[in-house]
Every structure is written in structure tokens, then in C-alpha cells.
Amino acid sequence: MRALEELVVEYESAKKDPKFQAELDHLLKTFVGRPSPIYHAKRLSELAGGAQIWFKREDLNHTGAHKINNALGQALLTLRMGKKRVIAETGAGQHGVATATACAHFGLPCVVFMGAEDVRRQKPNVFSMKLMGTEVRPVTSGSKTLRDAVNEAMRDWMSTVETTHYIIGSVIGPHPFPMIVRDFQSVIGREARQQSLETLNRLPHVIVACVGGGSNAAGMFYPFIEDSEVRLVGVEAGGHSSAPGQHASPLSLGQPGILHGTMSYVMQDEDGQTSPVHSVSAGLDYPGVGPEHSFWKDEGRVEYTFCRDGDALATFDKVARCEGILPALETSHAIAKAMEIAAGLPRDQIVMVCLSGRGEKDAAEIARLTGRDY
Ligand SMILES: *Cc1c(COP(=O)(O)O)cnc(C)c1O
């Protein structure tokens, strides 16, 4: 609790400090390449046959996804707190790479905890992290995947908190992490809101984002929460089916519970033990979800639904061929739902999708799953 209470105080003071914000804004501009554009996916809109589909292009960020927005913000916070070492967890390796990048930029030593199973499946990301001077520590407990990596990172932090900051990768874990990650990712929604007003002279009718832990969705949605006329839709990983263990849709199919220090919807069995989860995309297979999403669900402000593995894979191909963009498999879940929603709306309406990341990382896995040469 002491570590968390200290973090609340440090973060609140950083948030109010114009120098901290200016330094972060400068980095986002010069190192990440922000602002990321909004883009009209005309041919994909034609294919869907209804409303106009627009993308918020987080795939164009340095390192290829939204994760860098949070990693840089928290790395700056680490320096401000006078801490000398960073740890992080990673599943598919995207947050690990973003954190390794931020730490190389600032010259901070970094250790990334990664399930041994994920180390095996995500070799290119493991190599990138090592190239940037990060130590990747394989976690061999439990299912050897993301939730075990979070456990291990929290264990390390409890014994090293004097010198170490834990850069968590999504809007999960105990307070204040979900708030900090949401705030750093809200640059996505702030830009999208302003760009919509400038380019479209209005706000989008519908906004769609995929939900793993929920950070790209929270960052996209948060600046629109007060705009009650904007419909917000979060898309979870529907996996193979709605049977236990075959998907990762805690908001759609889970029960309230506690995981990694936060109360939220969780995939669990009758005894309250966390259940195994499955998704075709490694970035979405987490058995819990950010607590603010649970609040938005219960309040009715955001609708949550899910997309099956097969629909995400089919949508990846459509976006590649229609738009010349390879979306991440995670993002493909959101685009699939956006196309479905667009099909039911008039042509003059706007559906905006958070294009959370690029899909080159998924090419080999897609080739394997669809029986094509890589
Ligand atoms: C990590 C990742 C996600 C899922 O994480 P959230 O915290 O739910 O955003 C989605 N898309 C991409 C491209 C990712 O790398």
C-alpha cells in the first residue's frame, strides 16, 4: 500500500506540473511522431455498405502501437520520482518493446517479465527488447503467460519499490495504475476529438475500440465520455466460442471478482479461481479488464461486445486488400464490429475505429493459421 500511496502523490503532482506535461508533449511529437492522423477508409466503407469508416492511426506511432504513449509517460514519472530501475510485464511483447524503447531513450535499466510460453511465441519482440538493452526474464509459473508475468512483476516490485518503478502496460492493477495509464493514453481521444471537429465539423456518431486490458479503448473513449450523443463500443476477444476457456471476454461473459489488485469483471470458475482464456491475438488474452470499463458497462455509458477469432482473421485480409493497411490482429476485432455497425447505418454517418497497432507482427501467425506460405 505504501508504494501505491506514494505513486498517487507523485502522479498528482506531475499531472499539475506544466513542465512535466511539456516534456511529455515534446517527446510524443519528436520521438513518437504525434499527432497520429485520422483517415477515411473509403474502400472499406464501400465494402461494409453503410456509414463512413474512419481510422485513428495509432499504428503509425514509433514502435507501431499505442503502448508507447503510456511507456514514455511512466518512464518520465520514474525519473521524476528519482527511481533508478524499471520493471514491466508483457504478453505478446508489444508493451515490453515500448518500455524497452522508453528506457533506452532515457538510459534506465529495465527488466521485462514475460511468460516462458510467450517468450517462445514472440521471438522477434524478445530480440528487439534485448537489442535495446532490456533483460527479458521468462516466467515459468502457472500458465506461463501474461497473468503469470503480472504476478512476477508485482512480486519483484514489492521487494524493490525503493529504487524501482513498475510500468504496467494497461489500465489494470491496483489504483492509481488504471487512472495513470488512462490519462497517458487519453492523448488518442483528445486528438481524435479535435481532428473530428476540424476535419468533419462534427463528432463521430460511433467510436469503436478493441479491449484487452482496455488501454487503447479507455484512451480513445475517455475524452468523449461527456458527449452523450457519441455511441461508444468496446470489442473483446470472442475466441473460438463462448464456452469456458475458449475466449477472453470478461465484460461480456465474466463475473465480478478480484484480479491483480483490482475489482472488475473477471473470467473465473465457481470457486472464484481465475480461468484460462484464449484469443487468436496474444494482446487480448487477459482474464480480467480495467475497472473503469466495468464501471462504464454497469453505468450503461459504453456497450461491450465480442468478435470471434475467425471474423478477426477475415477482417485482417479485407483491410489489407481494401486499404493497404495491415492492422494488428487485436485491432482487427474492432474493425470487424465497426463494419457490422456501419452496415446498419446511413451513408452520411461516421464510425471511427481506434487502429491500435500495425499487423506486421502477426503476419507469420496469420500465415500459419490460414495455411499460407510465409
Ligand atoms: C496490447 C495491444 C492491445 C490490447 O491492449 P489494451 O490495453 O486493451 O489496449 C490492442 N491492440 C494492440 C495493437 C496492442 O498492442
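Please read these numbers as outputs of a predicted model, since none were measured by experiment.

A. Seen up close, the packing of helix H4 (residues 67–80) against helix H5 (residues 94–106). At a closest axis distance of 9 Å, the pairing of H4 and H5 adopts a crossing angle of 40°. Here H5 runs oblique to H4, going by the angle between their axes. H4 and H5 meet at a crossing whose hand is right-handed. Along the contact surface, H4 presents Lys-67, Ile-68, Asn-70, Ala-71, Leu-72, Ala-75, Leu-76 and Leu-79, while H5 presents Gln-94, His-95, Ala-98, Thr-99, Thr-101, Ala-102 and Phe-106. Residue composition of the contact of H4 with H5, by class: nine nonpolar, five polar and one charged.

B. Main features of the domain arrangement of the chain. For the chain, the assigned domains read domain 1 (2–30 + 67–173) and domain 2 (33–64 + 182–370). Computed over C-alpha atoms only, the centres of domain 1 and domain 2 are separated by 23 Å. Contact with domain 1, which involves 27 residues of that partner, is made by 31 residues of domain 2. Approximately 2400 Å² of surface area, both sides summed, lies buried where domain 1 meets domain 2, with 60% of it carried by carbon and sulfur atoms. Along the contact surface separating domain 1 from domain 2 lie one salt bridge. Between Lys-15 and Asp-183 there is a salt bridge, with the nearest N and O atoms lying 3.4 Å from each other. The tally of links from domain 1 across to domain 2 stands at 12 residue pairs in polar contact (both at pLDDT 80 or more). Within the residue set of the side of domain 1 that touches domain 2, elements represented by two or more residues are helix H1 (2–16), helix H2 (18–32), H4, H5 and helix H8 (146–160). A per-element tally of the side of domain 1 that touches domain 2 places H4 first, with six residues. Tallied by class, the residues present in the side of domain 1 that touches domain 2 amount to 12 nonpolar, 11 polar and four charged.

C. Quick look at the pairing of strand S9 (residues 255–259). In the sheet, S9 pairs with strand S10 (residues 262–266) via five bridges, with the strands oriented antiparallel. Counterpart to Gln-255 in the pairing with S10 is Val-266. As consecutive antiparallel partners, S9 and S10 are separated by two residues, and within that stretch His-260 has a phi angle of approximately 50°, a positive value.

D. View of the layout of surface pockets. For the largest pocket, the calculated volume is near 800 Å³. Lining the largest pocket are 32 residues, with Arg-121, Gln-122, Lys-361, Asp-362 and Glu-365 sitting closest to its centre. Among the secondary structure elements, those contributing two or more residues to the lining of the largest pocket are H5, helix H6 (116–121), helix H7 (123–131), helix H14 (309–323), helix H15 (329–343) and helix H16 (363–369).

E. Structural view of the site of the ligand. Around the ligand, the structure places 17 residues, and the nearest of them are Lys-67, Ser-170, Gly-212, Gly-214 and Ser-215. The backbone of Asn-216 places a nitrogen or oxygen atom 2.8 Å from an oxygen atom of the ligand. Starting from 380 Å² of accessible surface for the ligand in isolation, the protein chains cover 97%. Of the pockets mapped on this structure, the ligand occupies the largest cavity. Partitioned by chemical class, the residues of the shell around the ligand number four nonpolar, 11 polar and two charged. The residues that make up the shell around the ligand include at least three from each of domain 1 (2–30 + 67–173) and domain 2 (33–64 + 182–370).

F. Expanded view of the sheet that holds strand S6 (residues 164–166). If you walk across this open sheet you meet the four strands as S5-S4-S3-S6, and the pairing is parallel. Every other strand in the sheet has two partners, leaving strand S5 (135–139) and S6 as the edge strands with one partner each. Shown here is a sheet whose adjacent strand axes are inclined to one another by a mean of 25°, direction ignored. Across three bridges, the pairing between strand S3 (residues 85–90) and S6 is parallel. Along S6, the bridge assignment pairs Arg-85 with Thr-164. Across the sheet, H5 is in contact with S3 and strand S4 (110–115); its angle to S3 comes to roughly 165°. Across the sheet, H8 is in contact with S3, S4, S5 and S6; its angle to S3 comes to roughly 160°.

Rules behind the numbers
- Residues numbered from 1 in each chain as written.
- Predicted model: local features only at pLDDT ≥ 70, side-chain atom pairs only at ≥ 80, totals over all residues.
- Heavy atoms only, no water.
- Axes fitted to C-alpha atoms, helices over the stretch in contact; angles between N-to-C directions.
- Helix = DSSP H or I, 4+ residues; strand = E, 2+ residues; numbered from the N terminus.
- Parallel < 35°, antiparallel > 145°, perpendicular 65-115°, else oblique.
- Left-handed = near helix turned anticlockwise from the far one by under 90°.
- Contact = heavy atoms within 4.5 Å.
- Nonpolar A, V, L, I, M, F, W, Y, C, P; charged D, E, K, R; others polar.
- Domains from an automatic or database assignment.
- Buried area = accessible area lost by both parts, 1.4 Å probe.
- Salt bridge = Lys/Arg side-chain N within 4 Å of Asp/Glu carboxyl O.
- Polar contact = N/O pair within 3.5 Å; in protein donor to acceptor, adjacent residues only side chain to side chain.
- Pairing = 2+ DSSP bridges.
- 1 Å grid on protein atoms, 1.4 Å probe; cavity = no way out; pocket = protein on both sides within 12 Å on 5 of 7 lines; lining within 4 Å.
- Points joined across faces, edges and corners; volume = space filled by probe spheres on them.
- Near = heavy atom within 4 Å.
- Areas by Shrake-Rupley, 256 points an atom, 1.4 Å probe, with all protein chains shown as cover.
- Sits in = over half its atoms within 2 Å of the grid points.

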